[in-house]
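# Geometric and topological summary
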Amino acid sequence: MTYSLESDPLILAGKSFHSRLLVGTGKYQTFALMKDALEASGAEIVTVAVRRINLDRSSESMLDYIDPVNTVRIIKTGKACTPGLA
């Protein structure tokens, strides 16, 4: 069987993706390195741990380094123990 993303794209919530690769944002030493790795991977879906996001924007945020046009961000709440942490 021949596989092709053009003939069999990944479809989530009605949106087609050319890549089936999902990439996480953890473990990078810097946000700039994370950005470079995400771009090099070609991934269109990026997972982000909610506890790592600076929501008040008082300082640099990883969201500043993730392309909002060409990627979909999936926010993970895995280590959030209460609704308040999520």
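How each quantity is defined
- Residues numbered from 1 in each chain as written.
- Predicted model: local features only at pLDDT ≥ 70, side-chain atom pairs only at ≥ 80, totals over all residues.
- Heavy atoms only, no water.
- Phe/Tyr/Trp six-rings, centres within 6.5 Å; stacked < 30°, edge-to-face > 60°.
- Helix = DSSP H or I, 4+ residues; strand = E, 2+ residues; numbered from the N terminus.
- Lys NZ or Arg CZ within 6 Å of the ring centre and 35° of its normal.
- Core = buried A, V, L, I, M, F, W, Y, C linked by side-chain atoms within 4.5 Å.
- Buried < 20%, exposed > 50% of the residue type's maximum accessible area, 1.4 Å probe, protein only.
- Pairing = 2+ DSSP bridges.
- Axes fitted to C-alpha atoms, helices over the stretch in contact; angles between N-to-C directions.

Take the packing of aromatic side chains next. Tallied over the entire structure, the rule returns one aromatic pair. Between Phe 31 and Tyr 65, the ring centres sit 5.6 Å apart and the planes meet at 40°, which makes this aromatic pair tilted. Of this pair, Phe 31 sits in helix H1 (residues 31-41) while Tyr 65 is found in the loop between strand E4 (45-49) and strand E5 (72-76), placing the two residues 34 residues apart along the sequence. The ring of Phe 17 has Lys 15 sitting right over it, with the charged end atom 5.4 Å from the ring centre.

Counting residues in hydrophobic clusters, the biggest one holds nine residues: Val 23, Met 34, Leu 38, Ala 43, Val 46, Val 48, Ile 53, Met 62 and Ile 66. Looking at this core, the elements that each hand over two or more residues are H1 and E4.

With that out of the way, let us pick up the sheet that holds E5. Strand order in the open sheet made by the three strands is E3-E4-E5, with parallel pairing throughout. Edge positions in the sheet fall to strand E3 (22-24) and E5, since each of these pairs with one other strand and no more. In this sheet, adjacent strand axes meet at a mean angle of 30° when their direction is disregarded.

Spatial relationships are all this shows, so hold off on functional conclusions.
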